[in-house]
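Each chain is listed here by its residues.
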Amino acid sequence: PPTLSAEVREALVGDIKAVPALAALPILALMASFDEAPQRDGLAGYIPWPCGIEELARRIGAALTPGETGAA
């Protein structure tokens, strides 16, 4: 299950966004509790965990499609 603390998640996203070749990469976070999900942290969206493979694939597809979001 996803168990990154908010601080570690923020640092990881910051490290990814600091690499020019990765800066535009949409990032989705698997979240067991949306109480921990910040409103704006550079992520393309949040996915409830656990979730089914079909839902995960749909959310990833939406994040990769211009103009759509993988946010919950």
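See the structure printed just above.
Residues numbered from 1 in each chain as written. Predicted model: local features only at pLDDT ≥ 70, side-chain atom pairs only at ≥ 80, totals over all residues. Heavy atoms only, no water.

Caption draft 1: Region of interest: the overall build of the chain. In terms of regular secondary structure, the chain is built from two helices and two strands. Moving toward the C terminus, one meets the helices and strands of the chain in the order α-β-β-α. In the chain, once contacts between residues fewer than 6 apart in sequence are set aside, the share between residues at least 24 apart is 38%. By element, 62% of the accessible surface of the chain is carried by carbon and sulfur atoms, the whole surface being about 5000 Å². (Helix = DSSP H or I, 4+ residues; strand = E, 2+ residues; numbered from the N terminus. Contact = heavy atoms within 4.5 Å. Areas by Shrake-Rupley, 256 points an atom, 1.4 Å probe, with all protein chains shown as cover.)

Caption draft 2: Representation of the pattern of salt bridges within the structure. Counting across every chain of the model gives two salt bridges. For Glu 55, the salt bridge goes to Arg 58, with nearest N and O atoms at 3.0 Å. Taken together, the residues span about one helical turn, with Glu 55 and Arg 58 both in helix H2 (residues 53–64) at a distance of three residues. Residue class for Glu 55 comes out partly exposed when judged on its relative accessible area of 27%. One salt-bridge network, in which partners are shared between bridges, spans Glu 55, Arg 58 and Arg 59. (Salt bridge = Lys/Arg side-chain N within 4 Å of Asp/Glu carboxyl O. Buried < 20%, exposed > 50% of the residue type's maximum accessible area, 1.4 Å probe, protein only.)

Caption draft 3: Spatial organisation of the pairing of strand S1 (residues 28–31). Of the two faces of S1, the one holding Ala 29 and Met 31 is buried and the one holding Leu 28 and Leu 30 is not buried anywhere. Relative to strand S2 (residues 45–48), S1 runs parallel, the two being bridged by four bridges. In the sheet register, Leu 30 faces S2, and the bridge partner there is Ile 47. (Pairing = 2+ DSSP bridges.)

Caption draft 4: Quick peek at the environment of Ala 44. Along the chain, Ala 44 turns up in the loop between S1 and S2. Judged by its relative accessible area of 24%, Ala 44 is partly exposed. Between the alpha carbons of Ala 44 and Leu 25 there is a distance of 8.7 Å; along the sequence they are 19 residues apart.

Caption draft 5: Region of interest: a nonpolar patch on the surface. Together, Leu 4, Val 8 and Leu 12 make up a nonpolar patch on the protein surface, roughly 250 Å² of accessible area in all. Its place among the elements puts Leu 12 in helix H1 (residues 6–17). You can call Leu 12 partly exposed: its relative accessible area is 42%. (Patch = residues over 30% accessible without salt bridge, like charges linked within 9 Å, V, L, I, M, F, W, Y side chains within 5 Å.)

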